[in-house]
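Observations on chain architecture
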Amino acid sequence: MKKVLVGILITLAVVLVFRSCMEDRQEQSVLQENSMLIQQQIDNVSKLVVTEGHFAEVYNYKDSQELFGPLITADKKALVVVNAQVTVAYDLSQIDFEVDETTKTLRVKSIPEPEIKLNPDFEYYDITADYLNQFTAADYNKIKKNVNASLLRKVEASSLKSNAQNRLISELQKFYILTNSMGWRLEYKDRLVEQNLPQLLLD
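What counts and how
- Every chain begins its residue count from 1, and numbering advances along the sequence as written.
- In keeping with the model being predicted, local features are shown solely for residues with a pLDDT of at least 70 and side-chain atom pairs are shown and tallied solely at 80 or more, while totals for entire chains, interfaces and linings include all residues.
- Values shown for side chains rest on all heavy atoms present in the structure; no hydrogens or waters enter the calculation.
- What pLDDT expresses is the predictor's confidence in each residue, scored from 0 to 100.
- Think of it this way: any DSSP run of H or I at least four residues long counts as a helix, any run of E at least two long counts as a strand, and we number them from the N terminus.
- Only heavy atoms enter the contact rule, under which two residues are in contact if any of them lie within 4.5 Å.
- In this analysis, rings of Phe, Tyr and Trp, with Trp reduced to its six-membered ring, are considered paired at centre separations within 6.5 Å, and the interplanar angle assigns stacked below 30 degrees, edge-to-face beyond 60, and tilted for intermediate values.
- Each residue is assigned to one of three classes by its accessible area relative to the maximum for its type, calculated with a 1.4 Å probe on protein chains only: buried under 20%, partly exposed between the two thresholds, exposed over 50%.
- Either the NZ atom of lysine or the CZ atom of arginine qualifies as a charge over a ring when it sits within 6 Å of the ring centre and within 35 degrees of the ring normal.
- The working definition used for a salt bridge is a side-chain nitrogen of Lys or Arg within 4 Å of a carboxyl oxygen of Asp or Glu.

**A look at the confidence of the model for the chain**
As a general rule, the predicted coordinates of low-pLDDT regions are not to be interpreted in detail. Averaged over every residue, the pLDDT of the chain is 76; the share at 70 or more is 70%. Between the elements of the chain, mean pLDDT differs from a low of 52, seen in helix α1 (residues 2-44), to a high of 91, seen in helix α2 (residues 137-157). Every residue in residues 3-24 scores below 50 in pLDDT, and together they form zero contacts with partners more than four places removed in sequence or on other chains.

Below you can see the structure in the form of structure tokens.
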């Protein structure tokens, strides 16, 4: 009788140990699947936050060179009309983040700065130049440099960057929804994200 009881106890112990191991494996498998899913979601939105705008600029260029003192000069001038397509984008593949399976936490450490790309189309009108002061490649490069600087100032003063940031927040809000639905935590710069992600990004 004792042998039968010992056998039953050993069998129960083996079953319990086996079930415990299986549950640990299943939990670990779920954690790894969740971790892979979160990383995949971040990769999927890496190219989605893009805002485009169009700007027009009329630029007057003038250059004078003194020949024999200030009384005699050689002048050149041009009227330039510029139509530019401006793109503001975030490369979210550059997000610095880590997935902690132990604490079930997605930590977003930093977000890249927006990238501003200018694609100007130059049209030159009323180009005049004296014989001793002709247009050169340096003049055209100077015009492009001055126009690009002016366009960047217009972009900074416009709503393009704020629109891009709103789209960024919209995409990152999906991280909160995803992690929350799986019972994970989302942290940004060591602060727990609950419902205040937009405010955290603006701080």
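After that view, the rundown keeps rolling.
**Focus: the packing of aromatic side chains**
Under the counting rule described, the total for this entry stands at four aromatic pairs. Between tyrosine 61 and phenylalanine 135, the ring centres sit 6.0 Å apart and the planes meet at 45°, which makes this aromatic pair tilted. With tyrosine 61 in strand β1 (residues 50-66) and phenylalanine 135 in the loop between β5 (115-129) and α2, this residue pair connects regions lying 74 residues apart in the sequence. The residues tyrosine 61 and phenylalanine 135 share a single accessibility class, namely buried. Between phenylalanine 135 and tyrosine 140, the ring centres sit 5.7 Å apart and the planes meet at 35°, which makes this aromatic pair tilted. The structure contains a cluster of three or more aromatic residues connected by ring pairs, namely Tyr61, Phe122, Tyr124, Phe135 and Tyr140. Sitting above the plane of the phenylalanine 135 ring, lysine 76 keeps its charged end 5.7 Å from the centroid. Here the guanidinium or amino end of lysine 144 rests over the ring plane of phenylalanine 122, the centre of that ring lying 6.0 Å away.

**As for the pattern of salt bridges**
The final tally for this structure, using the stated rule, is eight salt bridges. Note that lysine 154 is salt-bridged to glutamate 57, the shortest N-O span being 3.0 Å. Note that lysine 154 is positioned in helix α2 and glutamate 57 in strand β1, a separation of 97 residues in sequence. According to the relative accessible area criterion, lysine 154 is partly exposed, its value standing at 34%.

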